[in-house]
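# Summary of structural features
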Amino acid sequence: MAPSANLNQESHAFMSNRPKILIPEKISADGLALLGDGFDIHQPKSLSAADLIQLIPAYDALIIRSETKVTATVLAAATKLKVVARAGVGVDNIDVEAATTHGVIVVNSPSGNIVAAAEHTIALLMAVARNVPAGDRSLRAGGWERSKLVGTEVGGKTLGIIGLGKVGMKVARMCVGLGMKVVAMDPYSSPEIAASVDVKLIKDLEVLLPLVDFLTIHTPLIASTLDMISTEELSKMKKTAKVLNVARGGVYNEQALLDALEAGTIAGAGLDVFTSEPPTEGSAAEALCQHSKVVATPHLGASTVEAQENVSLDVCAQVLAILTGGLPTSAFNAPLILPEEYRKLQPYVKLVEKMGSFYTQHYSGKGVGGTKFELVYEGELAGISNTRPLFAALIKGLTSSISDQGGRDVNIVNANLIAKVKGIVVNETHTSESPDLAYASLVTLRSESGQIISGYVSGKSIYILRIGRFSTSFIPEGTLLVLHNYDEPGKIGGVGGILGKSGVNIKFMSVAALERREERGKRGNESLSPRRGDEALMILGVHGEIGRELVEKLREEQGILAVSVVRV
Ligand SMILES: NC(=O)C1=CN([C@@H]2O[C@H](COP(=O)(O)OP(=O)(O)OC[C@H]3O[C@@H](n4cnc5c(N)ncnc54)[C@H](O)[C@@H]3O)[C@@H](O)[C@H]2O)C=CC1
Ligand SMILES: O=C(O)C(=O)COP(=O)(O)O
């Protein structure tokens, strides 16, 4: 479907190479200021589902609230997207599983708007208890209906909370403050946590429902909470009970609630959220909004100046971190890594990726290697338990030369999944016993069939230290020619001559000698000069086109045992 004219205009307005951020919903300016001017930020006023699919391929980040539906189709089209940031709590409008498959990080603001949501729950509680909106409506219409609008006090009444999480706990505190008795049901909470806010935890919903005068739900909308309160549950409640929903449309079955209000088996409802927003014509949600026993608001739970500042700051900081190579603080589908650990790991991420890429290109061409690996961390690295970024870097490196996307599709979010699909198994070993280690940390990649590559980081540079039986020290960068040869005089000259004739310049050369038997296992930084008659690896950093013909020519050169071209 073609995008609207308005959209075309807007999308052509910026064509720079800066990372692009799409913000189709209203986000507070505080967070946007945090992003600075290093990005192209596009804030269309409204975006249809079709327009979103049309636009999304150009974007690196998407910042949304509850209105934008980030479906599997949107994510499949989002070839550059690195992050979907939800400026709020609930991520039920994002297909998190599809995001994981596509390597897109989903972040949110876990607590930026919880005070707002809790306070809005109290606003609806008081509104339904005291008929505030009905009184206001009647007065505006010229009435003065006092006896018709007699309410109930909340003090001394029992409130039931389903979902004693962040919002639920705040609501509990506030309602205890209002003099209410509070009981709660949450299978993942503990009696101690509940007791800390004077709440009695009740295991069974069936036991809780008949006790309460007011019921409020504060769970996420997930499979197990959809239609959690339906006809049967409502029938167990007092006829005078009133229900509140500032969580998500769908945790109460809307039709069942409408029927109960109509039948008088439930006395009233305060609703902020609906299964379709705005409610579709003729739906139970629309009928609920019009019902005389209902106080309804248009998903205003998080709509306070303060909450919007908080959530905007929270998610923009994370988008900034992700787009500049850092890690988010609250991701739904990425592991939590402490900033200090991440700082230490970062140089090794590049090293391990290059080791993996080198491995695939150097060994797989020879038909050796396998898909089972051991990644050994020695020295300082051994002390870091959360090496998930290194695991992801290895998977990215191993698969980069054999995937359509050149490994760009692999990241910390989906590395596990991709490894599984490709049958790659990595066993990470941390060994702190490395008495002769001359580097702060050493990383060794070992395949099940015995191939080995080791590397280390020094300052800002990364080095490959060992390839199979050969010890070396070179910076893996650009196009490398790796020649396995007999270490005989004239080899370098011969190879140099062939390359020169083909217009290929040599940028650097490193001759890797066979590790002496006594040196194996030690791997210090002592340089090992090749001995006559031994085999050696010649690693050449080259500039120029290395075609198949040239590789064949090199292979035919006397004393050359194997040639591989590695691009890292
Ligand atoms: N109306 C609005 O504008 C807003 C709505 N929300 C909604 O409120 C929800 C809750 O937010 P938070 O308290 O921050 O989340 P939370 O994750 O801190 O708490 C959710 C609680 O629900 C519990 N839970 C999960 N499944 C359950 C089940 N089957 N039965 C009983 N308890 C269950 C969990 O154990 C957890 O304690 C969000 O997921 C969001 O959908 C949040 C903010 C604003
Ligand atoms: O944070 C949440 O879960 C909310 O429901 C708030 O939604 P909103 O950002 O106001 O569209």
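Figured I'd write up the structure that's included with this text. (Residues numbered from 1 in each chain as written. Chains lettered and ligands numbered in written order. Predicted model: local features only at pLDDT ≥ 70, side-chain atom pairs only at ≥ 80, totals over all residues. Heavy atoms only, no water.)

## Here's the deal with the site of ligand 1
Around ligand 1, the surrounding shell holds 26 residues, and the nearest of these are K166, V167, D186, V246 and D272. At 3.4 Å, a side-chain N or O of R248 approaches an oxygen atom of ligand 1. Alone, ligand 1 offers 860 Å² of accessible surface; in the complex the protein occludes 87% of this. Those elements giving two or more residues to the shell around ligand 1 turn out to be helix 6 (114–130) and helix 8 (166–177). (Near = heavy atom within 4 Å. Polar contact = N/O pair within 3.5 Å; in protein donor to acceptor, adjacent residues only side chain to side chain. Areas by Shrake-Rupley, 256 points an atom, 1.4 Å probe, with all protein chains shown as cover. Helix = DSSP H or I, 4+ residues; strand = E, 2+ residues; numbered from the N terminus.)

## Comments concerning the nonpolar core
Counting 67 residues, the largest nonpolar core has I21, I63, V319, I395 and V443 as its most contacted members. The element best represented in this core is helix 15 (residues 339–363), accounting for nine residues. Among residues more than four places away in sequence, those in contact with V443 are Y348, L351, V352, M355, L375, V376, Y377, L381, I453, S454 and G455. Counting residues in hydrophobic clusters, the runner-up holds 31 residues, among them I217, V243, A285 and L288. (Core = buried A, V, L, I, M, F, W, Y, C linked by side-chain atoms within 4.5 Å. Buried < 20%, exposed > 50% of the residue type's maximum accessible area, 1.4 Å probe, protein only. Contact = heavy atoms within 4.5 Å.)

## Here we look at the packing of aromatic side chains
Per the counting criterion, the structure on display carries six aromatic pairs. An angle of 15 degrees between the planes, with centres 5.1 Å apart, marks the rings of Y456 and Y463 as stacked. By relative accessible area, Y456 is classed as buried at 11%. One aromatic cluster is present, formed by F358, F474 and F508 through successive ring pairs. (Phe/Tyr/Trp six-rings, centres within 6.5 Å; stacked < 30°, edge-to-face > 60°.)

## A short note on the site of ligand 2
The environment of ligand 2 is formed by R65, S66, R86, A87, G88, V89, G90, N113, R248, H299 and A302. Measuring from an oxygen atom of ligand 2, one finds a side-chain N or O atom of N113 at 2.8 Å. In the model, an oxygen atom of ligand 2 is placed 2.8 Å from a nitrogen or oxygen of the R248 side chain. Across the complex, the protein chains shield 91% of the 310 Å² of accessible surface that ligand 2 would expose by itself. Tallied by class, the residues present in the shell around ligand 2 amount to three nonpolar, five polar and three charged. (Nonpolar A, V, L, I, M, F, W, Y, C, P; charged D, E, K, R; others polar.)

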